[in-house]
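# Commentary on secondary and tertiary structure
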Amino acid sequence: MRSQAISAVNSSPASPESNLRGGSTGGHSQGSRIRTREAWRQSWADRLGPPLAFVALICAWEAACRFFAIPSFLLPTPSAIVEAGIKIPLSQWAANIGATLRVALMGYAVAILVSIPLAVALVSSRFLSRTLYPMLVIVQSTPIVAIAPIIVVTMGASDLPRVFITFLITFFPIVVSTVTGLLATPEELIELSRSLRAGRVREMLHIRLPFAVPFIFSALKISTTLAVIGAVVAEFVAAEHGLGFFIMFSTSFFKIAQAFAGLAVLVALSLVLFRLCSLAQWWLVPWSLPKGQR
Amino acid sequence: MNDGSHVIRFTDVEQTFGRGDGSAVTALENVTFDIGRHEFLAVLGPSGCGKSTLLRLIAGLILPTRGTISVFDRTVTEPRDEIGIVFQRPTLLPWFDVLGNVTFPLRHKYGRVTAEDRARARDLLALVGLSDFATKRVDELSGGMQQRVAIARALLLDPDILLMDEPFSALDALTRDEMSFELLRIWSERPKTVLFITHSIPEAVLLADRIIVMTPRPGRVREVIDVPLPRPRSIATMSEPTFNALASHIRGELFTRLA
């Protein structure tokens, strides 16, 4: 009797139909087939809706620019932006994208390597947390755009200041999220660990850090876009290549459509990085995702 | 001093907790009682009577402000191996499958899990009725099944003492009754000294050999009640006159102030 109850409980989330309908319970009646068809239509609407809305927005933009005869140096039409983008040789795009990507990823990597150990230190020691946390908040409260020129002067003309600026913009959310995650571990598991006398290192490695993984990944996802922002801010201040530099350069020659093309590529870059981070989570730690997203 | 029967002994235990503002709250006062070997003792009382504090004192997770707690005639000064704990929430680890959760105490304590350990964990899963679920993810299980896994995890190191902190209170009423009988079956197959904290009167009467009724703020032992119901107990036990008489007696004890 018990095993029956167990299999009944277990079969409903496992059936593909119920997954399609977002996990609601159902049988195999006539009604459920109709509901399945509705669900199918619903899922297509869900999939097609966003791109259609996007295309509609672009069309409206194009139409408005033409209809109101907006000068292209104020707001270029989407078609003019595409045209300007195509005129730039691929090699130039590659060089600019490569430069920005390199700085963004290096800053991002340094931020991860610094933030997670730092978060562990903050959680492990009351003294460190009391001493370091105010400093971190001060760093975070400083407008990075304002100190970027100072950093460039101090660190010279290499990638170093750019990576450092990217790091400064990127690391704080990772620290805060990781700390939150490390502290969100259920108290019972900490008590279990203490009752086993497993030690604080194992408590951190076996319990707290894995529990923080969903928190760490949500910060890592946000930080991909922050890393791109950091790299662009750094390039605004001092660079000879990169998408930030490309946009500055284009606007200074009033090539607004070309600047918009650079901007579009930047957005695409951010989106790709964000998506890659989501995929990494799905690939490496699928259990950390909500049930429907695995 | 030990007549060979008791496993856990509380002697005049007082527990106060400091609060942030410098004041102190007395959670337990003048608590003295014994638990015998393989006895099933239920601790019953309203919330805030220090029931969970009792459990944490036995587990060595906290030390008493005054008095002593001894386990097997040794004063508790730190956590030790003879004790398994089941908490109110199953608190399983979502990154391990069911078997990984049952073997977790060994992995956590010694850093490795042998094939023998895994075989033992499988035996425990069979004991709690989850043989076919070893490789399932824990979030595929219902609340009752998760709590079964937590019981198997608590039994992994074959402790002499099982501490249970309102283990079924987060479950729905039907699952809760089912789990009570399951626990009785598991306990008869693997006899342990059990301290079972609950705020359900029928649960306490059905499961326990003795019931300690606590008073709230500060928690004191109000009454120790023997449960003379014969074992094995079943659903029929719950309709026996003794069962109902005991339950209403305890209800009267707990609600004297309201009566």
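Computed from a predicted model, the values in this text were never measured in an experiment.

### Regarding the overall build of chain B
For chain B, the count of helices and strands is 8 helices and 10 strands. Relative to the compact-globule value of 18 Å for 259 residues, chain B shows a C-alpha radius of gyration of 19 Å, a close match. Overall size of chain B, expressed as C-alpha extent along the three principal axes, is 50 × 45 × 40 Å. Here chain B holds 259 residues, and the buried ones make up 39% of them. Residue pairs in contact within chain B that sit at least 24 positions apart in sequence constitute 68% of those at least 6 positions apart.

### Some remarks on the overall build of chain A
Helix and strand counts for chain A come out as 12 helices and 0 strands. When its helices and strands are written in sequence order, chain A yields α-α-α-α-α-α-α-α-α-α-α-α. Sorting the 294 residues of chain A into buried and exposed places 29% on the buried side. In chain A, once contacts between residues fewer than 6 apart in sequence are set aside, the share between residues at least 24 apart is 71%.

### Some details on the sheet that holds strand E2 (residues 24-36) of chain B
Residues and elements named next belong to chain B. One open sheet accounts for 4 strands, arranged E2-E1-E4-E5; its pairing is antiparallel. Both edges of this open sheet fall to E2 and strand E5 (74-75), since each of them pairs with a single strand only. Looking at chain direction, strand E1 (residues 6-18) and strand E4 (residues 66-71) are connected through 5 bridges and run antiparallel. Across the sheet, Ile8 pairs through a bridge with Val71, a residue of E4. Contacts from helix H1 (residues 51-58) reach E1, E2 and E4 within the one sheet, and its direction differs from that of E1 by about 120 degrees.

### Observations regarding helix H9 (residues 187-195) of chain A
Taken residue by residue, H9(A) has Leu189(A), Glu191(A), Leu192(A), Ser193(A) and Ser195(A) as its buried positions. Buried-residue contacts for H9(A) involve helix H10 (200-237) of chain A together with strand E6 (83-86) and helix H3 (104-110) of chain B. Phi for Arg197(A), located one or two positions after H9(A), is positive at around 50 degrees.

### A few points about the packing of helix H7 (residues 144-155) of chain A against helix H8 (residues 159-183) of chain A
Residue and element names in this part refer to chain A. The interhelical angle for the contact between H7 and H8, taken along N-to-C directions, is 150 degrees, at an axis separation of 9 Å. Taken together, the axis directions place H7 and H8 in an arrangement best described as roughly antiparallel. The chirality of how H7 crosses H8 is right-handed. Side by side, H7 and H8 meet where Ile144, Ala148, Ile151, Val152 and Met155 of the first sit next to Leu160, Pro161, Phe164, Ile165, Leu168 and Ile169 of the second. Residue classes in the contact of H7 with H8 are distributed as 11 nonpolar, no polar and no charged.

### Observations regarding the environment of Asp209(B)
All names here are of chain B. Looking at where Asp209 falls in the secondary structure, it is placed in the loop between helix H7 (201-207) and strand E9 (210-215). On the basis of neighbour counts, which here come to 17 C-beta atoms within 10 Å, the residue Asp209 falls in the partly exposed class. When the C-alpha atoms of Asp209 and Leu229 are compared, they prove to be 8.2 Å apart, with 20 residues separating the residues in sequence. Excluding anything up to four places from it in sequence, Asp209 contacts Glu39, Phe40, Leu41 and Val227.

### Notes on the sheet that holds strand E8 (residues 193-198) of chain B
All names here are of chain B. One open sheet accounts for 6 strands, arranged E6-E7-E8-E3-E9-E10; its pairing is mixed. Each edge of the open sheet is held by one strand with a lone partner, namely E6 and strand E10 (220-226). Between one strand axis and the next, the sheet turns by 20 degrees as a mean value, whatever way the strands run. As judged from the 6 bridges shared by E9 and E10, these two strands associate in the antiparallel manner. Bridging from a neighbouring strand, Ile212 pairs with Val224 of E10. Packing against the sheet, H1 makes contact with strand E3 (40-44), E6, strand E7 (161-165), E8 and E9, and its axis sits at approximately 155 degrees to E8.

### Here's the deal with unusual backbone geometry
All names here are of chain B. Between Arg231 and Pro232 the backbone carries a cis peptide bond, its omega angle lying at -5 degrees. Tracing the sequence through the fold places Pro232 in the loop between E10 and helix H8 (241-254). Phi at Asp73 takes a positive value of approximately 65 degrees, unusual for a residue other than glycine. Along the chain, Asp73 falls in the loop between E4 and E5. Residues other than glycine seldom take positive phi values, yet Asp158 does so here, at roughly 45 degrees. With 12 C-beta atoms counted inside 10 Å, the residue Asp158 sits in the exposed group.

### Re the pairing of E1(B)
Residues and elements named next belong to chain B. Note that E1 and E2 share 9 bridges and pair antiparallel. Bridge pairing in E2 places Arg9 opposite Asp34. Between E1 and the antiparallel strand that follows it, E2, lie 5 residues; Gly22 among them carries a positive phi value of about 95 degrees.

### Description of the confidence of the model for chain A
Looking at chain A as a whole, its pLDDT mean stands at 85, while 88% of the residues score no less than 70. Residue range residues 1-28 of chain A is modelled with pLDDT below 50. Its contacts to residues more than four positions away, or to other chains, number 25 contacts.

### A word on the interface of chain A and chain B
Taken together, the 21 residues of chain A in the interface contact 19 residues of chain B. Of all the secondary structure elements, the ones that give two or more residues to the side of chain A that touches chain B are helix H1 (2-14), H9 and H10 of chain A. Sorting elements by how many residues they give to the side of chain A that touches chain B places H9(A) first, with 7 residues. Taken together, the residues that form the side of chain A that touches chain B break down as 10 nonpolar, 4 polar and 7 charged.

### Remarks on the pairing of E6(B)
Residue and element names in this part refer to chain B. Residues Ile83 and Ile85 of E6 are buried on one face, and the alternating residues Gly84 and Val86, pointing to the opposite face, are buried as well. When E6 meets E7, the two strands line up parallel, connected through 4 bridges. What sits directly across from Val86, in E7, is Met164.

### A look at the nonpolar core
Residues Leu41(B), Leu44(B), Ile58(B), Val149(B), Leu163(B), Leu195(B) and Phe196(B) are the most contacted members of the largest nonpolar core, which totals 125 residues. At 16 residues, the largest contribution of residues to this core is made by H10(A). Those residues in contact with Leu44(B) that lie beyond four places of it in its chain are Thr198(B), His199(B), Ile201(B), Ala204(B), Ile211(B), Ile212(B), Val213(B), Met214(B) and Ile250(B).

### Describing H10(A)
The end-to-end C-alpha distance of H10(A), which contains 38 residues, comes to just 45 Å, noticeably less than the 56 Å that a straight helix rising 1.5 Å per residue would cover. By the largest-angle criterion, Val213(A) marks the main kink of H10(A), which is about 45 degrees, and a proline, Pro214(A), follows within four residues.

Conventions and cut-offs
Residues numbered from 1 in each chain as written. Chains lettered and ligands numbered in written order. Predicted model: local features only at pLDDT ≥ 70, side-chain atom pairs only at ≥ 80, totals over all residues. Helix = DSSP H or I, 4+ residues; strand = E, 2+ residues; numbered from the N terminus. Rg over C-alpha atoms; globule rule 2.2 N^0.38 Å. Buried ≥ 20, exposed ≤ 12 C-beta atoms within 10 Å, placed from the backbone. Contact = placed C-beta atoms within 7 Å. Pairing = 2+ DSSP bridges. Axes fitted to C-alpha atoms, helices over the stretch in contact; angles between N-to-C directions. Parallel < 35°, antiparallel > 145°, perpendicular 65-115°, else oblique. Left-handed = near helix turned anticlockwise from the far one by under 90°. Nonpolar A, V, L, I, M, F, W, Y, C, P; charged D, E, K, R; others polar. pLDDT = per-residue confidence, 0-100. Core = buried A, V, L, I, M, F, W, Y, C linked by C-beta atoms within 7 Å. Expected span 1.5 Å × (residues − 1). Bend = angle between axes of the 7 residues up to and from the residue.

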